[in-house]
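Residue strings, one per chain:
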Amino acid sequence: MRLAVLQFTHETVTFLPNDTTRDDFTYPGSPAAGAALLATDPKGYMGGFVQVAREYDGVELVGITSPLWPCTGTASGWITADAYAHFVGQMVSELRAEGPFDGVYLALHGAMAVRGVPRPEADIARQVRAAVGEGAILVGTFDLHGNEDAAFLDHADMAFAVKYFPHYDGHLQGQRAARMLVRAVRGDFRPVHRTLKVPILSPTVVQWTGAAPWSDLVQRALVWEAREPDVFVNVFFGFPWGDAPDGGMTVQAITNDDQALADRVARDVADFAWRQRRALLEAARIHTIADGVHLARAAVAEGAAPVVLADHSDRSGRATWLLGEILRQGLARTLVATVASPDIATGSLAAGDPFDAPVGGGGDPSAGDPVRITGTVLRAVEALEPGVAGSGGGGGTWICVAFGTGNVLVLSPQLAQIVEPDELWRLGLEPADFDVVAIKSRVHFRRGFDDSGYARTILLVEPPEPFLGTVRLDHLAYAQMRAADFFPYGDPPGPVLSDP
């Protein structure tokens, strides 16, 4: 059994001004092919897929040349037509040259956006199908933030999306994809599916699955998978910062040659989500940045530290609203990690150097104006390369600057979502030195700061203006979709069959 393995992933913020180019996907280690591709992301989708596929005798995995995550992380906009055509064209040529294949594994994301290609993951499946023929089995893995409809499964056979946010189960879904791909190739599983669109448009900051009602929605899907053999349920929460014709929530059910069961399961989960729509949208309390900093100060005074101040709205990494408010209110013993300042982070600063420079800001109005920081460089640290698990935004030099009363600012070349506190302590910082940690994250940070029990107080904040990352999604200039077609911005009738 010969299985081709491909990857092309990006969570595209289409409202950012910087396009994602071919060069952004090209750096040491990317593109990757052969054994190098199979060794990427060992704790994620790829690692799970490779682990299980290799448990079967007689299975050969062929790693097709694939780009890894771009060096910009998620802080970049539309993928250019040139970049997409180049990498997909290279993949398709290799598939034709290296074939025949019995099956293909596609490590995807679901919220990729390409100029001129409305549904890129479905288009990748279409082109791969044309290259390998109708007899091969195509399976994809996805982030639950995919903007997906039925189009991918018009060309592929199965899809498996993570169920948790933060995404704990990427490795598990990769394992599942390998197992079901082998079964389908052997004829033991004949996939049929149903896809329903649920017209709910939700900001990612409310989608934490560690508490109701999002945990209830996940549990609904898990119960169906537990009670019915060979049933698999995907709930795509959607990615509202990707302007896509297939935006909003999606429910998919896949069964073993039982269309009636697929219809029943998809309808049940979609209807459950629709009944809970208001609770889903009200799942998180968002503070203005000024109120959040004031509440952080109060929490410290009341002995409720450590405090996490999470600016969920910063999509470029350059936003200075939170940093500026920390300065205005004189917050002390605060670690700000990070503010993207590529010009500074690529410089030659060293420990002990005086620091006096404007940081962050610019690029687009959401980032605000640069803020001047005066202090001393504590250290300059080389971060992990992009595409490496735990890279916290990927690569380059991070500069730690001491300022104010026990404060430290970390400057990075691009947006960095700090997920684990250890990412900060590896910079040489000490947990006991800080009462407040101010980060740029929506939900991912809960993996290390909430689930671990580190933070006693968590405050989600955003600027008062409806900037790029706002929860007020009707302020975004959508062109491929309309906010008014979704709850809570319109009055749609409820879940409908997906018809791309």
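Residues numbered from 1 in each chain as written. Predicted model: local features only at pLDDT ≥ 70, side-chain atom pairs only at ≥ 80, totals over all residues. Heavy atoms only, no water.

Trainee: Is there a simple way to think about helix α10 (residues 289-301) in this case?
Mentor: Residues spaced three or four apart along an α-helix point in a common direction, a consequence of the helix completing one turn every 3.6 residues. Taking 1.5 Å of rise per residue, the 13 residues of α10 would be expected to cover 18 Å, and the 19 Å separating its terminal C-alpha atoms lies within 8% of that figure. All buried positions along α10 are accounted for by I289, G292, V293, A296 and A299. Seen along its axis, α10 keeps its buried residues to an arc of 120°; they face one direction. Once α10 finishes, G303 follows within two positions and takes phi at roughly 80°, a positive value. (Helix = DSSP H or I, 4+ residues; strand = E, 2+ residues; numbered from the N terminus. Expected span 1.5 Å × (residues − 1). Buried < 20%, exposed > 50% of the residue type's maximum accessible area, 1.4 Å probe, protein only. Arc of directions from axis to C-beta.)

Trainee: Explain the layout of surface pockets here, please?
Mentor: Rolled over the atoms, a probe sized like a water molecule indicates the empty space that remains. What the second largest pocket holds in volume is close to 330 Å³. Around the second largest pocket, the lining is made up of 22 residues, and of these K197, P245, G247, F486 and V496 lie nearest the centre. Contributing elements (two or more residues each) for the lining of the second largest pocket: β6 (191-198) and β18 (496-497). Residues that form the lining of the second largest pocket fall into these classes: 11 nonpolar, four polar and seven charged. (1 Å grid on protein atoms, 1.4 Å probe; cavity = no way out; pocket = protein on both sides within 12 Å on 5 of 7 lines; lining within 4 Å. Points joined across faces, edges and corners; volume = space filled by probe spheres on them. Nonpolar A, V, L, I, M, F, W, Y, C, P; charged D, E, K, R; others polar.)

Trainee: Whenever I open this one, the sheet that holds strand β10 (residues 307-311) confuses me. Can you help?
Mentor: Neighbouring strands of a sheet are bound in pairs by backbone hydrogen bonds; such pairs are parallel or else antiparallel. One open sheet holds the nine strands; their spatial order is β9-β17-β10-β16-β11-β15-β14-β13-β12, and the pairing between them is mixed. Where the open sheet ends on each side, the last strands, each with one partner, are β9 (286-288) and β12 (354-359). Across the sheet, the mean angle separating the axes of adjacent strands is 35° when strand polarity is ignored. When β10 meets strand β16 (residues 436-439), the two strands line up parallel, connected through four bridges. In the sheet register, V307 faces β16, and the bridge partner there is V436. The sheet contacts of helix α11 (residues 321-328) involve β10, β11 (334-340), β12, β13 (371-382), β14 (397-403), β15 (407-412), β16 and β17 (457-462), and relative to β13 the element is tilted by about 115°. (Pairing = 2+ DSSP bridges. Axes fitted to C-alpha atoms, helices over the stretch in contact; angles between N-to-C directions. Contact = heavy atoms within 4.5 Å.)

Trainee: Where do I start with the side chain of E121 in this structure?
Mentor: Position of E121 among the secondary structure elements: in helix α4 (residues 120-132). One buried charged residue, E121, forms no salt bridge at all, with the nearest opposite charge on R119 at 8.9 Å. A distance of 3.1 Å separates the side chain of E121 from the backbone nitrogen of M112, its partner in a polar contact. E121 has contacts with L108, H109, G110, A111, M112, F142, E148 and F152, leaving out every residue within four places of it along the chain. (Lys, Arg positive; Asp, Glu negative; His and termini not counted. Salt bridge = Lys/Arg side-chain N within 4 Å of Asp/Glu carboxyl O. Polar contact = N/O pair within 3.5 Å; in protein donor to acceptor, adjacent residues only side chain to side chain.)

Trainee: Please explain empty space enclosed by the protein as it appears in this structure.
Mentor: One pass over the full model with this rule turns up three cavities of 30 Å³ or more. In terms of lining, the largest cavity is formed by 13 residues, of which the most central are S313, D314, R315, A319 and S366. Counted by class, the lining of the largest cavity contains six nonpolar, four polar and three charged residues.

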